[in-house]
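The lines below spell out each chain.
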Amino acid sequence: MIQHARSYVLATGVALAAPMAVAQADTIAELAPRDSIAMISVDDYPALRAAFDETGFADLLKDPAIKAWISELADDPKEAVEDALADIGLELRDIPEPQGAIGGAIWLDPVAASPLIAHVMVTADFGDDADRFDDVIAAILEDAEDNDEIHVLVDEIEGADVREIEFLDLRDEFEQEVLSMAESLFIAQRDGMFYFTTDEQQLVSALRRAEGEAIDAAQDRDEFVESLEFIESTHIYLTVFAEPLFDAISRAMQSDDGVDAAGGVAFDFIPILDALGLSSIRALAYGMELDAPNAMAEFRASLITHHLEGLLALFDQPLQTFEPPAFVTADATEVRMLGFDYSGVVALVNEVIGALPQEAQFQAQAMAGFLTAAAGPILQTLGPDTTYA
């Protein structure tokens, strides 16, 4: 389905749903920085849990045979977790479930160049169980500090109790040539909401956003608002923002370590994105609703883009019929149909080759010549209707 408003939107879905209610306060979209590359969110964890309990899958897990099978598969990991908790005087039942929104986001440090520094933020609303969860965190950190694995500093920021954790043994494991993780983790708690992040500056901003201060967040991106219009009413959703993602890849490839990893070539991948028609993409969103009216789960996806060019244009083909072909039997559990312009594949491949660095074009052109001779005539006869079952 193609919609056109301020931009093109490619959207897929199983069914239409009622408009999404206003998101609860303190969702990751409200708290994460505007330049987040990706984020995943459950805006109402109790609603997700309740919906899961109503699905047929939840009933299946209650079946004795299935429970025995899962228990057999999960015995060792579960036992390992239980043993680790027992060592610090805890049990699995001591860990409460969230009572509100939970979510996570990732972004790059705007200054660090070589290596690039990735930052993350995870937030979770434990409501009345905040003290119980804080006790769990305190026990885990105390044990790790006693074993000289971490060093913990306690502070207060924006009225929140904050622990700054420096990892002593794991620092080298996270260091890579091009991309590295931040060396410290900040854990803050205020009004039942927990914040786990590697970026102290963004922790301050998140705490201020939670108090209602107008600081740009991920939810303020137009493409986020547009994408939610097509995945509304989902219990869990993932959003990827193209602009900061492409910027991150470009920075990585242009960094000193990136150039060294590419054999001394400062590779510019933007022309390839242009040739593929992907540089016009603004966001990709994917959502899941449990216990939907007509299914155990419904999945919806949306792609926000300025133009339908290159690879995207190949998918912009109307179906000739909505009737499944004869090979799809009545007992098929899933049927997917789409239109695809197979005849445009060879031309697109040649455009991409033309965007490659000069030194890579010769070998690629030889491969493209083989593709044109071997597959070109076949591609001309296929489609546009394509069915998966």
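Residues numbered from 1 in each chain as written. Predicted model: local features only at pLDDT ≥ 70, side-chain atom pairs only at ≥ 80, totals over all residues. Heavy atoms only, no water.

Colleague: Can you walk me through the overall build of the protein in this structure?
Modeller: A count of helical and extended segments in the protein gives 13 helices and 15 strands. Out of the 389 residues in the protein, the part that is buried amounts to 38%. Sequence-distant contacts, at least 24 apart, represent 67% of the contacts inside the protein between residues at least 6 apart. For the protein, the accessible surface area stands at approximately 21700 Å², while carbon and sulfur atoms represent 56% of it. (Helix = DSSP H or I, 4+ residues; strand = E, 2+ residues; numbered from the N terminus. Buried < 20%, exposed > 50% of the residue type's maximum accessible area, 1.4 Å probe, protein only. Contact = heavy atoms within 4.5 Å. Areas by Shrake-Rupley, 256 points an atom, 1.4 Å probe, with all protein chains shown as cover.)

Colleague: Explanation requested: the pattern of salt bridges in the structure shown.
Modeller: It is possible for side chains of opposite charge to pair when their charged atoms get near one another. Applying the stated criterion to the full structure yields 14 salt bridges. One salt bridge in this structure joins Glu 158 and Arg 208, with 3.0 Å as the shortest N-O distance. With a gap of 50 residues between them, Glu 158 in the loop between strand S6 (150-157) and strand S7 (160-167) and Arg 208 in helix H6 (residues 200-210) connect regions that are remote in the sequence. The class for Glu 158 is partly exposed, based on a relative accessible area of 35%. Given a relative accessible area of 32%, Arg 208 falls into the partly exposed group. In this structure, the salt-bridge partner of Arg 282 is Glu 223, at a minimum N-O distance of 3.7 Å. With Arg 282 in strand S12 (residues 281-292) and Glu 223 in helix H7 (residues 222-228), this pair connects stretches of sequence that are 59 residues apart. Residue class for Glu 223 comes out buried when judged on its relative accessible area of 8%. One network of salt bridges, in which partners are shared, links Arg 221, Glu 223, Glu 226, Glu 243 and Arg 282. (Salt bridge = Lys/Arg side-chain N within 4 Å of Asp/Glu carboxyl O.)

Colleague: What is the right way to read the pairing of S6 from this model?
Modeller: Moving residue by residue along a regular strand, the side chains alternate between the two faces of the sheet. For S6 and S7, the ladder comprises 8 bridges, and the chain directions are antiparallel. Note on S7: the bridge partner recorded for Val 152 is Ile 165. Hairpin connection, S6 to S7: the antiparallel pair is bridged by 2 residues, and Glu 158 has positive phi, about 50°. (Pairing = 2+ DSSP bridges.)

Colleague: Help me understand the packing of helix H12 (residues 345-354) against helix H13 (residues 358-381), please; the structure alone is not making it clear to me.
Modeller: If you want to describe how two helices pack, look at the angle between their axes and the distance between the axes. At a minimum axis distance of 9 Å, the contact between H12 and H13 shows a crossing angle of 175°. One finds that H12 runs roughly antiparallel with respect to H13. Within the contact between the two elements, H12 uses Val 345, Val 346, Val 349, Asn 350, Ile 353 and Gly 354 and H13 uses Gln 361, Ala 364, Gln 365, Ala 368, Leu 371, Thr 372, Gly 376 and Leu 379. (Axes fitted to C-alpha atoms, helices over the stretch in contact; angles between N-to-C directions. Parallel < 35°, antiparallel > 145°, perpendicular 65-115°, else oblique.)

Colleague: Would you mind going over the nonpolar core with me for this structure?
Modeller: The nonpolar side chains of soluble globular proteins are, as a tendency, buried together. Grouped together as the largest cluster of nonpolar side chains are 28 residues, with contacts concentrated most on Met 39, Val 162, Tyr 195, Leu 203 and Phe 224. By residue number, the principal contributor to this core is H6, which donates 4 residues. Setting aside anything within four residues of it in sequence, one finds Met 39 in contact with Ile 28, Ala 29, Gly 104, Ala 105, Ala 218, Phe 224, Tyr 237, Leu 238, Thr 239 and Phe 241. Counting 14 residues, the second largest nonpolar core, distinct from the first, contains Ala 130, Ile 137, Ala 144 and Ile 150. (Core = buried A, V, L, I, M, F, W, Y, C linked by side-chain atoms within 4.5 Å.)

Colleague: Just to check I follow, could you spell out unusual backbone geometry for this structure?
Modeller: Most of the time, phi is negative for any residue but glycine, and the peptide bond is trans. One non-glycine residue with positive phi stands out, namely Glu 158, at about 50°. At Asp 191, a residue that is not glycine, the phi angle is positive and equals roughly 55°. Mapping Asp 191 onto the fold places it in the loop between strand S9 (184-190) and strand S10 (193-197). Judged by relative accessible area, Asp 191 falls into the exposed class, the value being 67%.

Colleague: Honestly, a negative patch on the surface in this entry has me stumped. Any pointers?
Modeller: A cluster of like negative charges, contributed by Glu 79, Glu 82, Asp 83, Asp 87, Glu 142, Asp 143, Glu 145, Asp 146, Asp 148 and Glu 149, occupies part of the molecular surface. For the negative patch, the secondary-structure elements that each account for two or more residues are helix H4 (64-87) and helix H5 (130-146). Structurally, the position occupied by Asp 146 is in helix H5. (Patch = residues over 30% accessible without salt bridge, like charges linked within 9 Å, V, L, I, M, F, W, Y side chains within 5 Å. Lys, Arg positive; Asp, Glu negative; His and termini not counted. Charge placed at Lys NZ, Arg CZ, Asp CG, Glu CD.)

Colleague: Explanation requested: H12 in the structure shown.
Modeller: Helical periodicity: at 3.6 residues per turn, an α-helix aligns residues three or four positions apart in one direction. Taken together, the buried positions of H12 are occupied by Val 346, Leu 348, Val 352 and Ile 353. Relative to the axis of H12, the buried residues are bounded by an arc of 160° and lie together on one face. The secondary structure elements touched by the buried residues of H12 are helix H10 (270-276), helix H11 (310-315) and H13. (Arc of directions from axis to C-beta.)

Colleague: Even after reading the chapter, I still don't get the pairing of strand S5 (residues 116-125), so can you show me in this structure?
Modeller: In terms of burial, S5 is a largely internal element, 7 of the 10 residues being buried. Bridging between strand S4 (residues 102-108) and S5 involves 7 bridges; their strand directions are antiparallel. The partner of Ile 106 across the bridge, within S5, is Val 120. Across 3 bridges, S5 lies against strand S8 (residues 179-181) in parallel orientation.

Colleague: Would you explain a nonpolar patch on the surface in this entry?
Modeller: On the surface, Ile 40, Leu 238, Tyr 286 and Phe 299 cluster together into a nonpolar patch covering about 360 Å² of accessible area. By secondary structure assignment, the location of Ile 40 is in strand S3 (residues 38-42).

Colleague: What should I look at first to understand the environment of Asn 350 in this one?
Modeller: Looking at where Asn 350 falls in the secondary structure, it is placed in helix H12. Here Asn 350 falls in the partly exposed class, since its relative accessible area comes to 39%. The sequence separation of Asn 350 and Gly 369 amounts to 19 residues, and the corresponding C-alpha distance is 9.3 Å.

Colleague: For this particular structure, what's the right way to read helix H2 (residues 45-54)?
Modeller: Along H2, the residues that are buried comprise Tyr 45, Leu 48 and Ala 51. Down the axis of H2, the buried side of the element spans an arc of 125°, and every buried residue falls inside it. Contacts made by the buried residues of H2 are with S3, S4 and S12.

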